[in-house]
Amino acid sequence: MVRTYRQSNLNNTKKQILIYLGLCLLGSIPYLACGYTAKPTEALFLSVSAFTTTGAGLGEGLTKGLLLYYLACQWVGGFSILAFLTSMLPSTVAGSIIDLERLSSGKRLDQYFHDKSIRMLLFFYCTISILMFGLMVLCGHSAENALILTLTTCSTGGMGSASSAVISAELAGDELFCCIFMILSSISFPLYARLISEEFSAIRRNSEFKAYLILIAAASAMIMVANGLYFKGEKGLWDLLSESVFQVISFNSTTGLTNADVAAWPGFSRHVLWLLSFCGACSVSTGSGIKLIRIVLIFKLIRRSLFKRIHPRAVIALRMDGKPVSDDVCIKATGFVLLYILAFILGVFALSFCAPDMETAFYGAGALLSNVGTSFGVIGGEAAYDFLNSFGRIAACLLMLAGRLEICALLLPFSKQQNKTA
């Protein structure tokens, strides 16, 4: 009975992932029909970039109509990852993130959302989006700019080659709005259910949430100091602070918006930003990357391993927010991190065939896999990947899909079914 249920769940998951991949294929048609490009691989690259909320572009700005279509696809893609995390991925090895979230919360997600998890997640997602759009309009922003920034910020997507033009527009407060709503979109959505339930103590105890806030504060301080020493008085204290905080939040949430020439920053600052995008945002959020809850668990495993080397007979239970973590969860989370690193290495190797230098291949593979888009080298803050040939664009699409679908889910539709009797 249990095997039949699991088999049915796996079949449903395969169908849903195939629908998602088909949506990416269909989404490429407007770029061809509107004459933006005549190359199917370029159209597919833009479509996958939008639905995976990577925000990678091809160096040429989209027309206003195509830009709105691109951003609308990003917004849909931002919600799709929430749907995957709650209904699809638990049947795969990547579903360990759900196990960890249940462990961290002490309840199943559907208990919080009263068996309507998808609807509730969509409610939170739409509420954040409407709130940002409404506040920006009330503060004097034009409806067009408010819509553009809302669609890209709430989906943590970025805007490819259009991003720098929009963010650098002289609109008072747009950076502040982006920072606030990038944080709101990259926080674990089940915490909002706890907030509604007035379970404030549980929010304060949440290890991932605390790690998220500490990481933003520490990274911002380090980058601010490094940039201050590097530019030697060329920038004021406020400029250093605002640029550092904005970029840390942008890269950590895997949004990829820029308000400064990050390519001109010192190597230390650039590597910190790259690591932030690799780690990613919180679990069950619109952000991508490895996810902080896995990073927290890995550090706990390392600490336990070091302690057991000193005290080999010690019996140490691994806990998350005061609750024990099973070995199965640890194995699946560790396996995912190793798979993620392997996918990154293969991505660097694939992009090295068409990238102008190894720095671009290295940073580009990381930016595509973590779905941040923005990077350094030739790619720059505009997330321009026009150096890719047909092979490189196909490889880039696979990297973006692997990062968004958490690797194992991407392979699931192509796996063979094992029909074994219990």
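Basis of the calculations
- Residues numbered from 1 in each chain as written.
- Predicted model: local features only at pLDDT ≥ 70, side-chain atom pairs only at ≥ 80, totals over all residues.
- Heavy atoms only, no water.
- Helix = DSSP H or I, 4+ residues; strand = E, 2+ residues; numbered from the N terminus.
- Areas by Shrake-Rupley, 256 points an atom, 1.4 Å probe, with all protein chains shown as cover.
- Phe/Tyr/Trp six-rings, centres within 6.5 Å; stacked < 30°, edge-to-face > 60°.
- Buried < 20%, exposed > 50% of the residue type's maximum accessible area, 1.4 Å probe, protein only.
- Lys NZ or Arg CZ within 6 Å of the ring centre and 35° of its normal.
- 1 Å grid on protein atoms, 1.4 Å probe; cavity = no way out; pocket = protein on both sides within 12 Å on 5 of 7 lines; lining within 4 Å.
- Points joined across faces, edges and corners; volume = space filled by probe spheres on them.
- Salt bridge = Lys/Arg side-chain N within 4 Å of Asp/Glu carboxyl O.
- Core = buried A, V, L, I, M, F, W, Y, C linked by side-chain atoms within 4.5 Å.
- Axes fitted to C-alpha atoms, helices over the stretch in contact; angles between N-to-C directions.
- Parallel < 35°, antiparallel > 145°, perpendicular 65-115°, else oblique.
- Left-handed = near helix turned anticlockwise from the far one by under 90°.
- Contact = heavy atoms within 4.5 Å.
- Nonpolar A, V, L, I, M, F, W, Y, C, P; charged D, E, K, R; others polar.
- Polar contact = N/O pair within 3.5 Å; in protein donor to acceptor, adjacent residues only side chain to side chain.
- Expected span 1.5 Å × (residues − 1).
- Patch = residues over 30% accessible without salt bridge, like charges linked within 9 Å, V, L, I, M, F, W, Y side chains within 5 Å.
- pLDDT = per-residue confidence, 0-100.

### Focus: the overall build of the protein
Part 1: Along the protein, the regular secondary structure elements total 20 helices and two strands.
Part 2: Counting every atom, the protein has about 18500 Å² of accessible surface; 67% of that belongs to carbon and sulfur.

### What about the packing of aromatic side chains?
Part 1: According to the stated counting rule, one finds 21 aromatic pairs in the structure shown.
Part 2: Measuring from centroid to centroid gives 5.3 Å for Phe349 and Phe353, while their planes differ by 85°, and the two rings are edge-to-face. The residues Phe349 and Phe353 share a single accessibility class, namely exposed.
Part 3: Through successive ring pairs, a cluster of aromatic residues spans Phe251, Trp274, Phe278, Phe336, Tyr340, Phe344, Phe362, Tyr363 and Phe376.
Part 4: Residue placement shows Lys235 over the ring face of Phe231; its charged tip is 4.5 Å from the ring centre.
Part 5: Its guanidinium or amino end placed over the ring of Phe376, Arg270 lies 6.0 Å from that ring's centre, counting from NZ or CZ.

### Section: the layout of surface pockets
Part 1: Taken as a whole, the second largest pocket holds about 410 Å³ of empty space.
Part 2: The set of elements that each furnish at least two residues to the lining of the second largest pocket consists of α17 (327-351), α19 (390-404) and α20 (408-411).

### Some details on the pattern of salt bridges
Part 1: Within this structure, the stated rule accounts for eight salt bridges.
Part 2: Linking Glu144 and Lys64 is a salt bridge whose minimum nitrogen-to-oxygen distance equals 3.4 Å. Linking Glu144 in helix α8 (residues 143-154) with Lys64 in helix α4 (residues 64-88), this pair joins segments that are 80 residues apart in sequence.
Part 3: Taking relative accessible area as the criterion, Lys64 reaches 54% and is therefore assigned exposed.
Part 4: The partner of Glu243 in a salt bridge is Lys235, with the nearest N and O atoms 2.8 Å apart.
Part 5: Judged by its relative accessible area of 12%, Glu243 is buried.
Part 6: Salt bridges linked by common partners bring Lys291, Arg294 and Glu406 together as one network.

### Quick look at unusual backbone geometry
Part 1: With a phi angle near 50°, Val284 is a residue other than glycine that sits in the positive phi range.
Part 2: Here the phi dihedral of Asn371 falls at roughly 60°; this positive angle occurs in a residue that is not glycine.
Part 3: In this structure, Asn371 sits in the loop between α18 (358-369) and α19.

### Observations concerning the nonpolar core
Part 1: In this structure, Phe45, Leu273, Leu297 and Tyr385 are the most contacted members of the largest nonpolar core, which totals 115 residues.
Part 2: Top element by residues in this core is α17. It accounts for 10 residues.

### Details of the packing of helix α13 (residues 207-231) against helix α14 (residues 237-252)
Helix-helix packing: each pair is described by the crossing angle between the helix axes and the interaxial distance.
Part 1: The N-to-C vectors of α13 and α14 enclose an angle of 135°; their axes lie 8 Å apart at closest approach. Relative to α14, α13 is oriented oblique. At the point where α13 passes α14, the crossing takes the right-handed sense. When α13 is examined against α14, the residues Tyr212, Leu215, Ile216, Ala219, Ser220, Ile223, Met224, Asn227 and Gly228 are found in contact with a partner set consisting of Leu237, Leu240, Leu241, Ser244, Val245, Val248, Ile249 and Asn252.
Part 2: Taken together, the residues that form the contact of α13 with α14 break down as 12 nonpolar, five polar and no charged.

### Examining the side chain of Ser370
Part 1: Tracing the chain through its elements places Ser370 in the loop between α18 and α19.
Part 2: We classify Ser370 as buried; its relative accessible area is 0%.
Part 3: A polar contact is formed between the side chain of Ser370 and the backbone oxygen of Gly366, at a distance of 2.7 Å.
Part 4: Non-local contacts of Ser370, meaning those with residues more than four positions away in its chain, are made with Thr254, Ser277, Phe278, Ser288, Gly289 and Tyr340.

### Section: α8
Part 1: Its 12 residues give α8 an end-to-end C-alpha distance of 16 Å, which sits within 8% of 16 Å, the value for a rise of 1.5 Å per residue.
Part 2: Burial in α8 covers these residues: Ala146, Ile148, Leu149, Thr150, Leu151, Thr152, Thr153 and Cys154.
Part 3: With its phi angle positive at about 45°, Thr156 sits one or two positions after the end of α8.

### What about the packing of helix α15 (residues 267-279) against α18?
Part 1: At a closest axis distance of 10 Å, the pairing of α15 and α18 adopts a crossing angle of 35°. Within the contact between the two elements, α15 uses Arg270, His271, Trp274 and Phe278 and α18 uses Glu359, Phe362, Tyr363 and Gly366.

### Here's the deal with a nonpolar patch on the surface
Part 1: Among the surface-exposed residues, Leu131, Leu135 and Leu138 lie close enough to one another that they form a single nonpolar patch of about 300 Å² accessible area.
Part 2: Residue placement: Leu135 occurs in helix α7 (residues 117-138).

### Points about the side chain of Thr54
Part 1: With respect to the helices and strands, Thr54 occurs in the loop between α3 (40-51) and α4.
Part 2: A distance of 2.8 Å separates polar atoms of two side chains, one belonging to Thr54 and the other to Thr52.
Part 3: Those residues in contact with Thr54 that lie beyond four places of it in its chain are Ser49, Gly157, Ala367, Leu368, Asn371, Val372, Gly373 and Met400.

### Let's talk about the environment of Lys210
Part 1: Tracing the chain through its elements places Lys210 in helix α13.
Part 2: The residues touching Lys210, leaving out its near neighbours within four places in the chain, are Arg204 and Arg205.

### Overview of the confidence of the model for the protein
Part 1: Averaged over every residue, the pLDDT of the protein is 81; residues scoring 70 or more account for 83%.
Part 2: Taken as a whole, residues 89-96 scores under 50 in pLDDT and shows 24 contacts with residues more than four places along the chain or in a different chain.
Part 3: Taken together, the stretch residues 162-172 has pLDDT below 50 and engages in 20 contacts with residues farther than four places along the chain or on a different chain.

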